[in-house]
Amino acid sequence: MDTANTAFASAFAWTRRLFLLFLCCAYSIPAGAVGTAVGTVIENTAVVNYDLAGAPLTIQSNTTTLSVAERINVTVTLQSPQVPVAPGDSARALLFTVTNTGNGTEAFALAIDSLIAGDDFDPTPAAPAAIYFDTDGSGDFNAGDQPYTPGAEPDLLADQSISVFLVNDIPVGLANGLTGRSELTATSTTGVGTPGTVFASAGDGGVNAVIGSTGGEAQDTGEYLVSDVQVSAVKSQIIDDPFGGNEPIPGATLTYSIVVTVETAGTATASTVVDAIPPFTSYVPNSITLNGAAISDSIDADQGEFDTSGTPSVVVRLGDLTQAQGPQTVEFQVVID
Amino acid sequence: MKILMSVILIALATTAAAQGHLDVRTTVQKQEVFVNEEGKSETRLVPAEVVVPGENVIYTITFRNVSAEPADNVVITNPIAENLMYVDGSAFGPGMEILFSVDGGKTFATAGELNVVEDGEVRKAQAGDFTHVRWVMQNDLAAGAQGTARFAAILE
C-alpha cells in the first residue's frame, strides 16, 4: 500500500441526503380555559335586611335563573416547525393541534388547502387521504395513523385536543430555498357564523348553541422548505498492529475517521453520525473525538456517546451544519478481537 | 261602614306583614345589539335566560317599602354566583354605599380596603375575588318609597 498508515485501505465515500430531523414542540392547554360547562344553572337571590319600628327584619327577593348555553369555539395550532423537504418527496407531514375551546362537546370537520397564496410552490395533498390523526400519539406520521373520514368527525369534549397531520407530496424540479404552504381548517359541524349567531336547540342536551369569537371555525398554516442539502461522509481507517506494523491481526487497533462535509448551500439540521462497532472488534473506551476534542462515552450533555442500548455504536451529534463550517471529523478506535 | 273600612285596613295590614314590609324583586338582563329604524346598531337590555361564557349579565334589585312606616338600616346583599365574575366598577345604587366581601359574605368593606392572601402573599382584592356585593342605604326608606341596586357580572 502506498501510505504506511493506510495499509488496510478500505476508504470509501458516499454521498447521500442526510436525514433531516425535527423536534415536535411539547404543548399543553391550561385546564378550565373554556368556561362554564354547558347546561350549568345559575340562580341568584338578593337578601334585604332592614329595621322597622326598631325590629330587625329580613326578606329575600325572588330567585332568577340563568342557564348556560353551548358556546362553539375552536383553535387550530401548527405544531411543526418549517419542514425541510426534497423535490419529489412523498407523504411529508405537518402536525397541527385542533382544540375544542368551547364549553360543550363538539365535532369539527377538517379540510386541507395546499393552494395558498404567497408561497413559492403548491404541495400536492397526498392521495387517497391527506388528513390523518396522530392515532399512536407519537407526533410523527407513520403507518399506524388513521386517515380522517369526512362525516366521521370525532367528538371533542370541552378543552379536548386532537393531533392532526396534513400530508402532502412535494413536486419535482424545485430549487433549494423555495417554500410551499398547506392549511388545515377545522369547522364546527353545528355550523359557522358571526359571533353570537344562535343555533336553536343544537347544543349539548338540546340547549342553544351560540357561535363564539372564532366564528365556529379556525385554521393554521404550515410550511415546507425545499432543502435538498447534499452532505458527504468519508470514512477511512488506520491500523496499528501490536508489532509496530499495519496488519489487521487480533490485537491490532483500528482508528476510524469519518469526515462529514456539507457540499451545497443550505443547512443540514440536527446532523448526527451513527456508526456501529464492526463485528469481531471491541470499542476502545473513551476514544471518541470530534475535530480532535474528546467526547465522553457516557450519555450526557456533550455531543456524543458510546451507545450500547442496541447494536453498540458511536453517536456524535454535529447539530445544524452548513458549508461554511467546513469538514467535521469524528474519530474513534476499536481493537480486533 | 266605618267598621267595614277598619276591617279592610286590618286585612291589608295583615297581608303586608305576611309578605314582609318590603317588596323586593330581582331581574337579570343582558345586552342585545339590534338595528334601529335608522339602520344603526344600538344595544338594549333584554331578559337573560340563556347565556354563554364571556357574556355579561346585569342584575337589578328593586325594593319598595310597602309598609306604612319608614324602614331603617336597609342593607341589600347579593352573592356573586360561582361561575360569575363581578365586572369591576359596575355596582350602582343611588344613595347607597357599596361594599364587597371576599370571604363568602362574612365581612364587608369598600373595594379599596379589601385584601386577599394568595400564595402566602397579601395583595389588593380584585373584581374576580368578590363573593358578594352589598348596598347600604344612607337614609331611611320612607313608606311607599323605592330604590334600585344594580351590578354586572361576566359568565366565566
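Residues numbered from 1 in each chain as written. Chains lettered and ligands numbered in written order. Predicted model: local features only at pLDDT ≥ 70, side-chain atom pairs only at ≥ 80, totals over all residues.

This part is about the overall build of chain B. Of the regular secondary structure elements, chain B holds one helix and 11 strands. Of the regular secondary structure in chain B, the N- to C-terminal order runs α-β-β-β-β-β-β-β-β-β-β-β. Burial statistics for chain B: of 156 residues in total, 29% are counted as buried. Summarising the internal contacts of chain B: among those between residues at least 6 apart in sequence, 74% fall at separations of at least 24. (Helix = DSSP H or I, 4+ residues; strand = E, 2+ residues; numbered from the N terminus. Buried ≥ 20, exposed ≤ 12 C-beta atoms within 10 Å, placed from the backbone. Contact = placed C-beta atoms within 7 Å.)

Looking only at helices and strands, chain A has zero helices and 25 strands in total. Within chain A, the fraction of its 337 residues that count as buried is 33%. Across chain A, every contact between residues at least 6 apart in sequence was considered, and the portion connecting residues at least 24 apart equals 73%.

Okay, the confidence of the model for chain A next. Confidence in the prediction for chain A averages 86 pLDDT; 90% of positions are at 70 or higher. Below a pLDDT of 50 lies the segment residues 1-32 of chain A, which in the model reaches 48 contacts outside its immediate sequence neighbourhood of four places, other chains included. (pLDDT = per-residue confidence, 0-100.)

The next subject is the pairing of strand E7 (residues 92-100) of chain A. Residue and element names in this part refer to chain A. Along E7, nine of the nine residues are buried, which leaves the element largely enclosed by surrounding structure. Of the two faces of E7, both are covered, the one formed by Arg92, Leu94, Phe96, Val98 and Asn100 as well as the one formed by Ala93, Leu95, Thr97 and Thr99. In this sheet, E7 lies alongside strand E5 (residues 74-78) in antiparallel orientation, the contact comprising five bridges. In the sheet register, Val74 faces E7, and the bridge partner there is Asn100. In terms of strand pairing, E7 meets strand E12 (residues 161-169) through eight bridges, oriented antiparallel. Bridging from a neighbouring strand, Leu94 pairs with Leu166 of E12. (Pairing = 2+ DSSP bridges.)

The subject of this paragraph is the sheet that holds strand E6 (residues 84-86) of chain B. Residue and element names in this part refer to chain B. The strand order across the open sheet built from five strands is E2-E1-E4-E11-E6, with neighbouring strands paired in antiparallel fashion. The open sheet has two edge strands with one neighbour each: strand E2 (41-47) and E6. Ignoring which end each strand starts from, the neighbouring axes of this sheet average 35° apart. Here three bridges tie E6 to strand E11 (residues 146-155), and the two strands are oriented antiparallel to one another. Counterpart to Met85 in the pairing with E11 is Ile154. (Axes fitted to C-alpha atoms, helices over the stretch in contact; angles between N-to-C directions.)

By a widespread convention, an interface's size corresponds to the accessible area lost as its parts come together. Listed as interface residues are 34 residues of chain B and, on the opposing side, 28 residues of chain A. Listed by contribution, the elements that provide at least two residues to the side of chain B that touches chain A are strand E1 (22-35), strand E3 (50-51), strand E4 (56-65) and strand E5 (71-79) of chain B. Among the elements that line the side of chain B that touches chain A, the one with the most residues is E5(B), at eight residues. Here the side of chain B that touches chain A is composed, by residue class, of 19 nonpolar, 10 polar and five charged. (Nonpolar A, V, L, I, M, F, W, Y, C, P; charged D, E, K, R; others polar.)

So, about the pairing of strand E8 (residues 115-118) of chain B. All names here are of chain B. Pairing of E8 with strand E9 (residues 121-124), which is carried by four bridges, proceeds in the antiparallel orientation. Paired with Val116 across the bridge in E9 is Arg123. What sits between E8 and E9 in their antiparallel hairpin is a turn of two residues, with Asp119 showing a positive phi close to 50°.

Residue and element names in this part refer to chain A. Ordered in space as E6-E16-E13-E8-E11, the five strands form an open sheet in which the pairing is mixed. Each edge of the open sheet carries a strand with a single partner, namely strand E6 (83-85) and strand E11 (155-156). The pairing of strand E13 (residues 179-188) with strand E16 (residues 217-226) spans nine bridges and is classified as antiparallel. In the sheet register, Thr179 faces E16, and the bridge partner there is Leu225.

Right, let's get into the nonpolar core. One finds Val51(B) and Val57(B) to be the most contacted residues of the largest nonpolar core, which totals 45 residues. Sequence-distant contacts of Val51(B), defined by excluding residues within four places in its chain, comprise Leu66(A), Val68(A), Ala69(A), Lys30(B), Val57(B) and Leu155(B). The next biggest cluster of nonpolar side chains, apart from the first, holds 30 residues, and it includes Val74(A), Val85(A), Leu95(A) and Ile112(A). (Core = buried A, V, L, I, M, F, W, Y, C linked by C-beta atoms within 7 Å.)

What follows deals with unusual backbone geometry. All names here are of chain A. Here the amide bond leading from Ala127 into Pro128 is cis, since omega sits at 0°, within 30 degrees of zero. In this fold, Pro128 is placed in the loop between strand E9 (124-125) and strand E10 (131-133). Look at Ala53: it is not a glycine, yet its phi comes out positive at around 55°. By secondary structure assignment, the location of Ala53 is in the loop between strand E2 (41-52) and strand E3 (55-68).

The subject of this paragraph is the confidence of the model for chain B. Residues and elements named next belong to chain B. The share of residues in chain B with pLDDT of 70 or more is 87%, and the mean pLDDT across the chain is 87. Across chain B, strand E10 (residues 132-137) holds the top mean pLDDT of 97, while helix H1 (residues 2-19) sits lowest at 44. Predicted confidence is poor over residues 1-18, with pLDDT under 50, and the contacts of this stretch with residues over four places away or in other chains come to three contacts. Listed scores for the predicted complex are pTM 0.65 and ipTM 0.83.

Turning next to the environment of Leu22(B). By the secondary structure assignment, Leu22(B) is in strand E1. Residue Leu22(B) is classed as buried on the basis of its 25 C-beta neighbours within 10 Å. Discounting chain neighbours no more than four positions away, the residues touching Leu22(B) are Val48(A), Tyr50(A), Ile59(A), Phe63(B), Arg64(B), Asn65(B), Val66(B) and Ala71(B).

Residues and elements named next belong to chain A. Considering the arrangement of structural elements, one finds Ile112 in strand E8 (residues 106-113). Given 22 C-beta atoms within a 10 Å radius, Ile112 is considered buried. As for Ile112 and Thr221, which are separated by 109 residues in sequence, their C-alpha atoms are 9.7 Å apart. When near neighbours in sequence (up to four residues on either side) are disregarded, Ile112 contacts Pro125, Ala130, Ile131, Leu166, Ser182 and Leu184.

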